[in-house]
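# Inside the fold
Chain residues, written in single-letter form:
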Amino acid sequence: MATIAARQAALALARISSSRPSAQAGSLIHRRGLAGASDHHGPPKVNLWQDPMSPSKWKEEHFVIVSLSGWGLLFFGVYKFFTRGKGKKEEKLVEAAH
């Protein structure tokens, strides 16, 4: 009889203790929903072509594309500047030999 009462008390305690955290966990979980699109902190971001002279207002994706394109053009320009005369020297030597 004592074991049956102890078993029932243990089951009741297990039900109570297991139901509390799930009920509390539901109230403690922060649900953001669509907060990324609806929470605006600061001025709204615009497309690059809508305000091309103020990069601080651009969307992040447009800023990254423009920045990477600019660095690519800079490196390509430096490469072309330092290697522009190498191909012409060989052509002049061939012309001078005739």
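Residues numbered from 1 in each chain as written. Predicted model: local features only at pLDDT ≥ 70, side-chain atom pairs only at ≥ 80, totals over all residues. Heavy atoms only, no water.

## Considerations on the overall build of the protein
Spelled out, the test is: Note on conventions: DSSP H or I runs of at least 4 residues are helices, E runs of at least 2 residues are strands, and numbering of each starts at the N terminus. Working definition: with a 1.4 Å probe on protein chains only, accessible area under 20% of the residue-type maximum means buried, over 50% means exposed, and in between means partly exposed. Exposure was quantified through the Shrake-Rupley algorithm and a 1.4 Å probe, taking into account, for residues, occlusion by the shown protein chains and nothing else.
Counting its secondary structure elements, the protein contains four helices and zero strands. Helices and strands in the protein line up, N terminus first, as α-α-α-α. Here the protein, with 98 residues, has 5% of them falling under the buried criterion. Per element, the accessible surface of the protein, about 9,200 Å² overall, is 66% carbon and sulfur.

## Overview of the pattern of salt bridges
Where we set the bar: Whenever Lys or Arg places a side-chain nitrogen within 4 Å of a carboxyl oxygen from Asp or Glu, that contact is recorded as a salt bridge.
Under the criterion given, the structure shown has one salt bridge. For the salt bridge of D51 with K57, the shortest nitrogen-to-oxygen distance reads 3.7 Å. Residue classification places K57 among the partly exposed positions, given a relative accessible area of 41%.

## Here's the deal with a nonpolar patch on the surface
Definition in use: Each patch is built from residues that are more than 30% exposed by relative accessible area and take part in no salt bridge. Like charges join if they lie within 9 Å; nonpolar side chains (Val, Leu, Ile, Met, Phe, Trp, Tyr) join within 5 Å.
Together, W71, L74, F75, V78, F81 and F82 give the surface a local cluster of nonpolar side chains, amounting to about 690 Å² of exposed area. Summarising the element assignment, F82 is placed in helix α3 (residues 60-82). Judged by its relative accessible area of 60%, F82 falls in the exposed class.

## Some remarks on the packing of aromatic side chains
Definition in use: Stacked, tilted and edge-to-face pairs are distinguished by plane angle, under 30 degrees for stacked and over 60 for edge-to-face with tilted covering the rest, among Phe, Tyr and Trp rings (Trp via its six-membered ring) whose centres lie within 6.5 Å.
Tallying each qualifying case throughout the model produces three aromatic pairs. Ring geometry for W58 and F63: centres 6.3 Å apart, planes at 55°, overall tilted. Overall, the relative accessible area of 41% leaves F63 in the partly exposed class. When the centroid spacing of 5.2 Å and the interplanar angle of 80° are considered together, the rings of F81 and F82 count as edge-to-face. For F81, a relative accessible area of 47% corresponds to the partly exposed category.

## Here we look at the side chain of H62
What counts here: For this analysis, a polar contact is any N or O atom pair within 3.5 Å, provided that within protein one partner can donate a hydrogen and the other can accept it, and provided that sequence-adjacent residues contribute only side-chain to side-chain pairs. Any two residues whose heavy atoms approach within 4.5 Å at even a single point are treated as in contact.
Tracing the sequence through the fold places H62 in helix α3. Reaching out from H62, the side chain makes a polar contact with the backbone nitrogen of L48 at a distance of 3.2 Å. Filtering out sequence-adjacent residues up to four positions away, H62 remains in contact with V46, N47, L48 and W49.

## A few points about the confidence of the model for the protein
Our working definition: On a range of 0 to 100, pLDDT expresses the predictor's confidence in each residue.
Of all residues in the protein, 63% attain a pLDDT of 70 or more, and the chain-wide mean is 78. Per-element confidence in the protein is highest for α3, whose mean pLDDT is 95, and lowest for helix α2 (residues 35-38), whose mean pLDDT is 57.

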